[in-house]
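Observations on the three-dimensional arrangement
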Amino acid sequence: QVQLVESGGGLVQAGGSLTLSCTASGSGFDLLSMGWDRRAPGKPHESVATITADGNTNYTDAVKGRFTITSGSTKNAVRLQMDSLKPEDTAIYFCYAHYLDAQSRENNHWGRGTQVTVSS
């Protein structure tokens, strides 16, 4: 029902910045929230940031003060501004959408992921 396209990953030096973007497309869904998860070897899955349809945001403690999630220029888009990046931020970042499908059932969907690598 939902397709997510991510962009913005890359290689950056510690202290640098990257901006991730994600757009959702498809039909028969009603977005409830969007956000970013990350996965890295040897680390547990982590929910990085979320923004709900009413604009509320939530961040994992590890990125508070450094990352900012905002809605994009359209309703179905989000951006994650990542500043003061640290090597421990290295991970594959997956955009996700929490939504209601055509049957009004809650669903989650993730994009393919974009690699963020922070060198020391």
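Scroll up for the structure.
Residues numbered from 1 in each chain as written. Predicted model: local features only at pLDDT ≥ 70, side-chain atom pairs only at ≥ 80, totals over all residues. Heavy atoms only, no water.

**Topic: the environment of Thr74**
- With respect to the element layout, Thr74 can be found in the loop between strand S7 (67-71) and strand S8 (77-82).
- Overall, the relative accessible area of 44% leaves Thr74 in the partly exposed class.
- Taking the C-alpha atoms as reference points, Thr74 and Val116, separated by 42 residues in sequence, lie 24 Å from one another. (Helix = DSSP H or I, 4+ residues; strand = E, 2+ residues; numbered from the N terminus. Buried < 20%, exposed > 50% of the residue type's maximum accessible area, 1.4 Å probe, protein only.)

**Here's the deal with the nonpolar core**
- By size, the foremost hydrophobic cluster in this structure holds 30 residues, and its most contacted members are Met34, Trp36, Leu80, Met82 and Tyr93.
- Put simply, the parts of the chain that give this core at least two residues each are strand S1 (2-7), strand S3 (18-26), strand S4 (30-39), strand S5 (46-52), S7, S8, strand S9 (91-100) and strand S11 (114-119).
- Here this core gets 5 residues from one element, more than from any other, and that element is S9. (Core = buried A, V, L, I, M, F, W, Y, C linked by side-chain atoms within 4.5 Å.)

**Focus on the pattern of salt bridges**
- Across all of its chains, the model carries 4 salt bridges by this definition.
- The salt bridge partner of Arg38 is Glu46, with a shortest N-O separation of 2.8 Å.
- Look at Arg38 and you get buried, because its relative accessible area is 6%.
- The class for Glu46 is partly exposed, based on a relative accessible area of 21%. (Salt bridge = Lys/Arg side-chain N within 4 Å of Asp/Glu carboxyl O.)

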